[in-house]
Amino acid sequence: MPEVTFRIRWPDGVEEACYSPSTVIFDHLTAGQAYRVDEFDARSRKALDLAAERVAAKYGFRCTSADAQAEKIAAAVARYNAEEIVTCLSIR
(Lines give C-alpha, C1' and ligand atoms only; values in the text may rest on other atoms or scores of the structure.)
Protein backbone atom coordinates (compact mmCIF):
# COMPACT_ATOMS: atom_id res chain seq x y z
CA MET A 1 0.00 0.00 0.00
CA PRO A 2 1.28 3.48 -0.73
CA GLU A 3 2.34 5.31 2.40
CA VAL A 4 1.49 8.99 2.80
CA THR A 5 2.93 11.67 5.05
CA PHE A 6 0.79 14.68 5.86
CA ARG A 7 2.39 17.67 7.50
CA ILE A 8 0.29 19.83 9.82
CA ARG A 9 0.66 23.00 11.86
CA TRP A 10 -1.05 23.07 15.23
CA PRO A 11 -2.63 26.28 16.59
CA ASP A 12 0.49 27.08 18.62
CA GLY A 13 2.68 26.96 15.50
CA VAL A 14 4.21 23.55 16.13
CA GLU A 15 4.57 21.56 12.91
CA GLU A 16 4.28 17.79 12.81
CA ALA A 17 4.70 15.10 10.19
CA CYS A 18 1.94 12.50 10.40
CA TYR A 19 1.74 9.04 8.82
CA SER A 20 -0.99 7.24 6.92
CA PRO A 21 -0.52 3.77 5.40
CA SER A 22 -3.00 4.64 2.65
CA THR A 23 -3.86 7.40 0.21
CA VAL A 24 -7.35 7.55 1.76
CA ILE A 25 -6.08 10.59 3.66
CA PHE A 26 -6.43 12.56 0.39
CA ASP A 27 -10.21 12.01 0.63
CA HIS A 28 -10.37 13.67 4.06
CA LEU A 29 -7.69 16.38 4.17
CA THR A 30 -6.48 18.91 1.61
CA ALA A 31 -3.01 20.43 1.52
CA GLY A 32 -3.15 24.15 2.27
CA GLN A 33 -6.53 23.87 3.98
CA ALA A 34 -7.18 25.14 7.51
CA TYR A 35 -9.54 23.20 9.79
CA ARG A 36 -11.03 23.84 13.20
CA VAL A 37 -9.37 21.50 15.70
CA ASP A 38 -12.59 19.53 16.20
CA GLU A 39 -13.06 19.12 12.44
CA PHE A 40 -9.44 18.11 11.92
CA ASP A 41 -9.80 15.57 14.72
CA ALA A 42 -12.88 14.00 13.13
CA ARG A 43 -11.44 14.00 9.61
CA SER A 44 -8.05 12.58 10.56
CA ARG A 45 -9.55 9.90 12.83
CA LYS A 46 -11.93 8.76 10.10
CA ALA A 47 -9.16 8.70 7.48
CA LEU A 48 -6.72 6.83 9.70
CA ASP A 49 -9.39 4.32 10.73
CA LEU A 50 -10.22 3.67 7.08
CA ALA A 51 -6.51 3.37 6.28
CA ALA A 52 -6.03 0.82 9.07
CA GLU A 53 -9.07 -1.10 7.78
CA ARG A 54 -7.66 -1.12 4.23
CA VAL A 55 -4.50 -2.71 5.60
CA ALA A 56 -6.63 -5.25 7.48
CA ALA A 57 -8.53 -6.13 4.32
CA LYS A 58 -5.30 -6.70 2.42
CA TYR A 59 -3.07 -8.28 5.08
CA GLY A 60 -5.47 -9.61 7.72
CA PHE A 61 -4.54 -7.18 10.51
CA ARG A 62 -5.00 -3.48 11.21
CA CYS A 63 -2.12 -1.09 10.73
CA THR A 64 -0.84 -0.36 14.23
CA SER A 65 1.06 2.67 12.92
CA ALA A 66 -2.19 4.25 11.71
CA ASP A 67 -3.83 3.53 15.07
CA ALA A 68 -0.81 4.97 16.90
CA GLN A 69 -0.92 8.10 14.74
CA ALA A 70 -4.63 8.55 15.51
CA GLU A 71 -3.87 8.25 19.24
CA LYS A 72 -1.06 10.80 18.94
CA ILE A 73 -3.37 13.24 17.16
CA ALA A 74 -6.08 12.69 19.80
CA ALA A 75 -3.61 13.50 22.57
CA ALA A 76 -2.52 16.68 20.77
CA VAL A 77 -6.11 17.74 20.06
CA ALA A 78 -6.84 17.67 23.79
CA ARG A 79 -4.40 20.56 24.29
CA TYR A 80 -6.41 22.99 22.14
CA ASN A 81 -9.86 24.55 22.02
CA ALA A 82 -12.23 23.14 19.42
CA GLU A 83 -12.45 26.42 17.49
CA GLU A 84 -8.68 26.88 17.10
CA ILE A 85 -7.14 26.20 13.69
CA VAL A 86 -4.99 23.33 12.42
CA THR A 87 -3.49 23.73 8.95
CA CYS A 88 -2.68 20.81 6.67
CA LEU A 89 0.55 22.05 5.09
CA SER A 90 1.21 19.19 2.67
CA ILE A 91 0.29 15.64 1.79
CA ARG A 92 2.88 13.47 0.07
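You'll find the structure just up there.
Residues numbered from 1 in each chain as written. Predicted model: local features only at pLDDT ≥ 70, side-chain atom pairs only at ≥ 80, totals over all residues. Heavy atoms only, no water.

S.K.: If you had to explain the sheet that holds strand S1 (residues 4–9) to someone new, which residues and values would you point to?
M.R.: One open sheet holds the four strands; their spatial order is S2-S1-S4-S3, and the pairing between them is antiparallel. Where the open sheet ends on each side, the last strands, each with one partner, are strand S2 (15–20) and strand S3 (34–36). Neighbour to neighbour, the strand axes of the sheet diverge by 35° on average, direction disregarded. The pairing of S3 with strand S4 (residues 85–91) spans three bridges and is classified as antiparallel. Along S4, the bridge assignment pairs Arg36 with Ile85. Strand contacts of helix H1 (residues 37–59): S1, S2, S3 and S4, with the helix running at about 100° to S3, the strand carrying the most contacts. Across the sheet, helix H2 (residues 64–77) is in contact with S1 and S2; its angle to S2 comes to roughly 150°. (Pairing = 2+ DSSP bridges. Helix = DSSP H or I, 4+ residues; strand = E, 2+ residues; numbered from the N terminus. Axes fitted to C-alpha atoms, helices over the stretch in contact; angles between N-to-C directions. Contact = heavy atoms within 4.5 Å.)

Scope: geometric values only; no functional claims are made or implied.
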